[in-house]
Amino acid sequence: RNMIKRKKALPAILIATLMMTTASFATPNKDMQKLEKVFLNRVNENRAMNHIEVLSEDIGVRVSGTKEEYEAAKYIEKQFKSMGYKTEIQEFKFVRGGQEVTSWNVIATMKPGVKGIKNDKNDTNKIVHLTAHYDSVPKAPGANDNASGVASMLEIAKSMTSMDIDKEVRFVACGSEEVGLKGSYAYVDSLTEDEINRSEGNFNLDMVATAYEPCTELAVYTYNQGENVITDYMKKAGEKISYLSNDEVEYNGEYDGPMGSSDHVPFAKKGIPSALFINVDPAKKDDPRSAIEPYYHKPEDHTGNVSVDRLERTVKLVGLATLDALNVD
């Protein structure tokens, strides 16, 4: 089980242990360990929490196609631009209830090299995608669902700036997820055949910081793909983080089964390995819908029901997996 067991409270660098059999991953590269420690030390859970507060309190309910959803998109775009990422807002339209709706994705890109320097000699020509939707349902401030995913994505992006990556990374804040994954479908449909072929995988963050006590596990689900390269990166992150700190947190990164109702689905349908990360009650994880927090899609999904500890755990574990996927030099 992916349970928290602490000797001391956050903020402190998390440690995770991964129960694995026989031959495990190789002894970590010392230079890579140094970079991973730099990343972990950069992570600021209070900065990430501030993004949740802005999205869920200052902007508030962010229903698909509303001015509040667009305000959230502009806020996210501003954050990525301030980090030095090449950023664009992708507008898309769809019909709902007989009416045409306009919504938006925010796409932030960094090419291989440092700060996107072109012609990096170690460019692998691969793409790694991170996604999180930023819209909410009516009457729900959407603090955990899914300002927490967006905040985690922004903090991962912030903490890895100026690192020399060997693959292109794309952070995508998806609009209109709550009405049928419209944003992620629009983004994936916009990819060329070449981009799809070059896509190594997708990390999708959705509801990753609930304070609901039984939801102790950061679960890993895929859409009818079973274990794949993304779940492998998460297993490796669970093991590697144990070299980097002395806190006591257990995380095994195990694959938890199929789930098909978040933004990893369009990627999987195009053949791109993808995985969903979400907090669940481990006793109920075989039925994901019953395993999530009771505040789901309710007015109670506010910042008072968000855990800063779990937010930090998500950023650090998914961040380490992302760094590994990007072949950081």
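What you see is a predicted model, and the numbers here were worked out from it, not measured in a lab. (Residues numbered from 1 in each chain as written. Predicted model: local features only at pLDDT ≥ 70, side-chain atom pairs only at ≥ 80, totals over all residues. Heavy atoms only, no water.)

**Examining unusual backbone geometry**
Residues other than glycine predominantly adopt negative phi, and peptide bonds predominantly adopt the trans conformation.
In step 1: Of note, the bond from Asp145 into Asn146 is cis; its omega dihedral lies within 30 degrees of zero at 10 degrees.
In step 2: Within the fold, Asn146 resides in helix H4 (residues 143-159).
In step 3: The phi dihedral of Lys139 falls on the positive side, at around 75 degrees, and the residue is not glycine.
In step 4: Structurally, Lys139 is set in the loop between strand E3 (127-133) and H4. (Helix = DSSP H or I, 4+ residues; strand = E, 2+ residues; numbered from the N terminus.)

**Description of the packing of aromatic side chains**
In step 1: Using the criterion set out here, one finds eight aromatic pairs in the structure.
In step 2: Note on Phe80 and Tyr85: the rings are 6.0 Å apart at their centroids and 75 degrees apart in plane angle, and the pair reads as edge-to-face. The same class applies to Phe80 as to Tyr85, namely buried.
In step 3: Note on Tyr212 and Tyr295: the rings are 6.0 Å apart at their centroids and 85 degrees apart in plane angle, and the pair reads as edge-to-face. Residue Tyr212 is found in the loop between strand E5 (199-205) and strand E6 (217-221), and its partner Tyr295 is found in the loop between helix H9 (288-291) and helix H10 (308-325); the two are separated by 83 residues along the sequence.
In step 4: Look at Tyr295 and you get buried, because its relative accessible area is 18%. (Phe/Tyr/Trp six-rings, centres within 6.5 Å; stacked < 30°, edge-to-face > 60°. Buried < 20%, exposed > 50% of the residue type's maximum accessible area, 1.4 Å probe, protein only.)

**A few points about the layout of surface pockets**
In step 1: Its volume calculated, the largest pocket comes out at about 200 Å³.
In step 2: Glu177, Glu178, Ser261, Arg289 and Tyr296 are the residues nearest the centre of the largest pocket, which is lined by 15 residues in total.
In step 3: Here the residues of the lining of the largest pocket sort into seven nonpolar, three polar and five charged. (1 Å grid on protein atoms, 1.4 Å probe; cavity = no way out; pocket = protein on both sides within 12 Å on 5 of 7 lines; lining within 4 Å. Points joined across faces, edges and corners; volume = space filled by probe spheres on them. Nonpolar A, V, L, I, M, F, W, Y, C, P; charged D, E, K, R; others polar.)

**Quick look at a negative patch on the surface**
In step 1: On the surface, a cluster of negative charge is contributed by Glu53, Glu57, Asp58 and Glu71.
In step 2: Along the chain, the position of Glu57 falls in helix H2 (residues 45-59).
In step 3: For Glu57, a relative accessible area of 46% puts it in the partly exposed group. (Patch = residues over 30% accessible without salt bridge, like charges linked within 9 Å, V, L, I, M, F, W, Y side chains within 5 Å. Areas by Shrake-Rupley, 256 points an atom, 1.4 Å probe, with all protein chains shown as cover. Salt bridge = Lys/Arg side-chain N within 4 Å of Asp/Glu carboxyl O. Lys, Arg positive; Asp, Glu negative; His and termini not counted. Charge placed at Lys NZ, Arg CZ, Asp CG, Glu CD.)

**Quick notes on the pattern of salt bridges**
In step 1: On inspection of all chains with the given rule, the structure shows 18 salt bridges.
In step 2: For Glu168, the salt bridge goes to Lys111, with nearest N and O atoms at 3.1 Å. With Glu168 in strand E4 (residues 168-174) and Lys111 in the loop between strand E2 (99-110) and E3, the pair connects residues that are 57 residues apart, well separated along the chain.
In step 3: Glu168 gets classed as buried once you look at its relative accessible area, which sits at 4%.
In step 4: Across the salt bridge formed by Lys167 and Glu200, the nearest N and O atoms sit 2.5 Å from each other. Taken together, the residues Lys167 in the loop between H4 and E4 and Glu200 in strand E5 connect sequence positions 33 residues apart.
In step 5: When its relative accessible area of 4% is taken as the criterion, Lys167 is described as buried.

**Looking at the environment of Ala211**
In step 1: Note on placement: Ala211 falls in the loop between E5 and E6.
In step 2: Residue Ala211 is classed as partly exposed on the basis of its relative accessible area of 34%.
In step 3: Ala211 has contacts with Asn305, Val306, Ser307 and Arg310, leaving out every residue within four places of it along the chain. (Contact = heavy atoms within 4.5 Å.)

**With respect to the packing of H4 against H10**
In step 1: Two elements in contact, H4 and H10, have axes whose closest approach is 9 Å; the angle formed by their N-to-C orientations is 50 degrees. On the basis of their axis angle, the class for H4 and H10 is oblique. Judged by the twist between their axes, the crossing of H4 over H10 is right-handed. Contacts between H4 and H10 involve Ser148, Ser152, Glu155 and Ile156 on the former and, on the latter, Leu311, Thr314, Val315, Val318 and Gly319.
In step 2: Counted by class, the contact of H4 with H10 contains four nonpolar, four polar and one charged residues. (Axes fitted to C-alpha atoms, helices over the stretch in contact; angles between N-to-C directions. Parallel < 35°, antiparallel > 145°, perpendicular 65-115°, else oblique. Left-handed = near helix turned anticlockwise from the far one by under 90°.)

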